[in-house]
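# Observations on the model geometry
Here is what each chain is made of, one letter per residue.
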Amino acid sequence: MAGIYIHIPFCKTRCVYCDFYSTTRSDLKRRYIDALCEELRTRKDYLGGEPVRTVYFGGGTPSQLDEADFRRVFDTLGRTYALEQCEEITLEANPDDLSDDYARMLQRLPFNRISMGIQTFDDATLRLLRRRHDARQAVEAVEHCRRAGFANLSIDLIYGLPGETDRRWERDLRQAVALDVEHISAYHLTYEEGTPLHRMLQEQQVKEVDEESSVRFFTTLMDTLAAAGYEHYEISNFCKPGLHSRHNSAYWQGIPYLGCGPSAHSFDTRSREWNIASLEQYIAAIEAGNRLYETETLDTPTRYNEYVMTALRTRRGIDLPTLEARFGRPLTAYCARMAAPYLSGGKLEQRNGHLCLTREGIFTSDGIISDLMYIKEQERFK
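Residues numbered from 1 in each chain as written. Predicted model: local features only at pLDDT ≥ 70, side-chain atom pairs only at ≥ 80, totals over all residues. Heavy atoms only, no water.

### Quick look at the pattern of salt bridges
Note the threshold: Between Lys or Arg on one side and Asp or Glu on the other, a salt bridge is scored when a side-chain nitrogen of the former is within 4 Å of a carboxyl oxygen of the latter. Put simply, DSSP marks the helices as runs of H or I at least four residues long and the strands as runs of E at least two long, and each gets a number from the N terminus on. For every residue, the accessible area (1.4 Å probe, protein chains only) is compared with the maximum for its type, and the residue is labelled buried under 20%, exposed over 50%, or partly exposed between those bounds.
Under the counting rule described, the total for this entry stands at 33 salt bridges. The residue Glu 38 makes a salt bridge to Arg 41 at a minimum N-O spacing of 3.0 Å. Here Glu 38 and its partner Arg 41 are both found in helix 1 (residues 29–42), 3 residues apart, which amounts to about one turn of the helix. Residue classification places Glu 38 among the partly exposed residues on the basis of a relative accessible area of 31%. The salt bridge involving Arg 43 is made with Glu 273; its shortest N-O contact spans 2.7 Å. A residue pair is termed long-range when its members are at least 10 positions apart, and Arg 43 in the loop between helix 1 and strand 2 (52–59) and Glu 273 in strand 11 (residues 271–275) qualify at 230 residues.

This is the structure in C-alpha cells:
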C-alpha cells in the first residue's frame with residue numbers, strides 16, 4: 001500500500017508562523033494544475049504499482065482551488081493510479097473558504113475527510129497570526145461541512161501562542177470539544193527561523209511561554225480530550241475511536257508515498273526525494289520535461305533513526321519484530337540497550353511486542369527519542 005501527497009502552494013496571505021512553502025501567485029494556478037497533472041502522470045512508476053490507500057491535499061491552502069481544478073487532478077489520479085482500495089482522501093482547508101456552497105461542492109468530489117486549520121478561537125490572537133478567519137467563521141465552517149454531509153472532520157489547534165494563559169487554552173479546548181469533530185491535532189507553537197513571528201520574537205514584540213506553562217498546557221490538552229472520549233494516538237494527535245488520520249499514520253509507519261508539487265517530498269523506503277521549493281521553477285521545469293528535485297539515499301542507520309523518531313511518537317510505539325526485520329539484530333540490540341534505563345524508570349514500557357512511551361515519558365519524549373537514535377560507530381551497520 002502507499003499514499004499520495006499533493007501540495008497546493010497558493011495562499012491569499014501568509015500566516016506569521018508558517019514556514020511551509022507557499023506563494024500568493026494565484027495568477028499561475030492554471031499552469032500549475034497542468035504541471036501537477038503532468039508530474040502525477042510521469043511519476044506513475046514511483047510507487048511500484050502499490051495500491052494507493054490515501055491521498056492528501058496539503059498546502060499552502062488547497063481550498064483556494066475551485067471545482068474544475070479538483071476535477072482535473074482527480075481525473076489524472078483515477079487514470080494513472082490504482083485507487084480502488086483508497087480509503088481516505090483529505091483536503092486541508094481554511095475555515096473562511098468553507099462556505100456552505102464550497103462545502104457542498106467538495107462533497108460532489110471524492111473527498112471524505114476535511115482538515116481545517118483553526119489554530120485558536122481567540123480573535124485577537126487570530127489577528128496577530130494574520131489568519132483570515134475569526135472564531136465565528138471557524139464554528140460556521142464545521143457546521144457547513146456537516147450540512148454538506150462530511151462525517152470525518154479534523155481541526156488543528158496551536159498552544160503556547162503569544163499571551164497564552166491557562167484560561168484561554170482551556171476555552172479553546174472547550175470550544176473544540178463542543179464542535180464534536182472526529183479528530184484534533186494540537187501543536188505547540190515553534191518560532192521557525194525566517195518567519196515574521198520569529199522576527200517579532202527577536203525584536204521582543206512577542207514572548208515565548210515558559211517551560212512550566214508548556215507542560216501545564218500539554219497536560220490540560222491530554223486530560224481534556226481524554227475526558228471527551230478522544231484517543232491520544234500520537235503525541236500531537238487525538239481522535240475518536242477508529243478515526244485516526246490514515247495518511248499521517250502511514251508516514252509514521254514508514255509506508256511509501258509519492259509527493260507532487262513544489263517542495264513536496266517522496267519516500268520509497270530506501271530513498272527520499274523532494275521537488276524544488278519554487279512555484280515558477282517547478283512549473284518551468286515540468287513544462288520542459290525536466291523536473292527539478294534532489295534525492296537522498298538512506299543508509300540503514302538513517303532509516304533506523306527515522307523509524308524510531310516517528311514510531312515512538314505514536315501510541316502503538318516501536319514494533320520490535322518489525323525493527324529487527326528491517327534493520328537487523330545489532331541495531332535492535334542497540335535500541336534495547338538504550339531503552340533499558342527508561343524502561344526501569346517508568347518512561348517506556350513494552351506492550352504486545354511494542355516499545356511505547358508511558359504518560360510520564362511523553363513529557364520528555366524528545367530526549368528519549370534522541371537517546372534511542374543511533375549515533376556512534378555508524379559504519380558498522382552500513
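Moving on from the coordinates now.
### Thoughts on the packing of helix 12 (residues 320–327) against helix 13 (residues 329–344)
Helix-helix packing: each pair is described by the crossing angle between the helix axes and the interaxial distance. Our working rule: Axis definition: a line fitted to C-alpha atoms, limited for helices to the stretch in contact. Angles are taken between N-to-C directions and run from 0 to 180 degrees. Between 65 and 115 degrees an angle is taken as roughly perpendicular, under 35 as roughly parallel, over 145 as roughly antiparallel, and anywhere else as oblique. Any pair of residues with heavy atoms lying within 4.5 Å of one another is described as a contacting pair. Charged residues are taken to be Asp, Glu, Lys and Arg, nonpolar residues to be Ala, Val, Leu, Ile, Met, Phe, Trp, Tyr, Cys and Pro, and polar residues to be all remaining types, Gly included.
Orientation of helix 12 relative to helix 13, taken along the N-to-C sense of each, is 140 degrees, at an axis distance of 7 Å. Classed by the angle they form, the pair helix 12 and helix 13 counts as oblique. Here helix 12 contributes Leu 323, Glu 324 and Phe 327 to the contact with helix 13, which in turn contributes Arg 329, Leu 331, Thr 332 and Cys 335. The residue makeup of the contact of helix 12 with helix 13, split by class, is 4 nonpolar, 1 polar and 2 charged.

### Let's talk about the packing of aromatic side chains
Basically, it comes down to this: Ring pairs are drawn from Phe, Tyr and Trp, using the six-membered ring of Trp, whenever the two centres fall within 6.5 Å, and their geometry is named by plane angle: stacked under 30 degrees, edge-to-face over 60, tilted for the rest. Definition used: whenever NZ (Lys) or CZ (Arg) falls within 6 Å of the ring centre and also within 35 degrees of the ring normal, the charge is taken to sit over that ring.
Summed over all chains, the structure comprises 18 aromatic pairs. Ring centres of Tyr 32 and Tyr 282 lie 5.8 Å apart, and the angle between their planes is 50 degrees; on these two criteria the pair is classed as tilted. You can see Tyr 32 sitting in helix 1 and its partner Tyr 282 sitting in helix 10 (residues 279–287), a full 250 residues away along the chain. Here Tyr 32 and Tyr 282 have matching classes, each one buried. Ring centres of Tyr 334 and Tyr 374 lie 4.7 Å apart, and the angle between their planes is 70 degrees; on these two criteria the pair is classed as edge-to-face. Taken together, the residues span a long stretch of sequence, with Tyr 334 in helix 13 and Tyr 374 in the segment after helix 15 (365–372) at a distance of 40 residues. Taking the relative accessible area as the measure of exposure, Tyr 334 reaches 10% and is therefore buried. Over the ring of Tyr 293 we find Arg 291, and its NZ or CZ is 3.9 Å from the ring centre.

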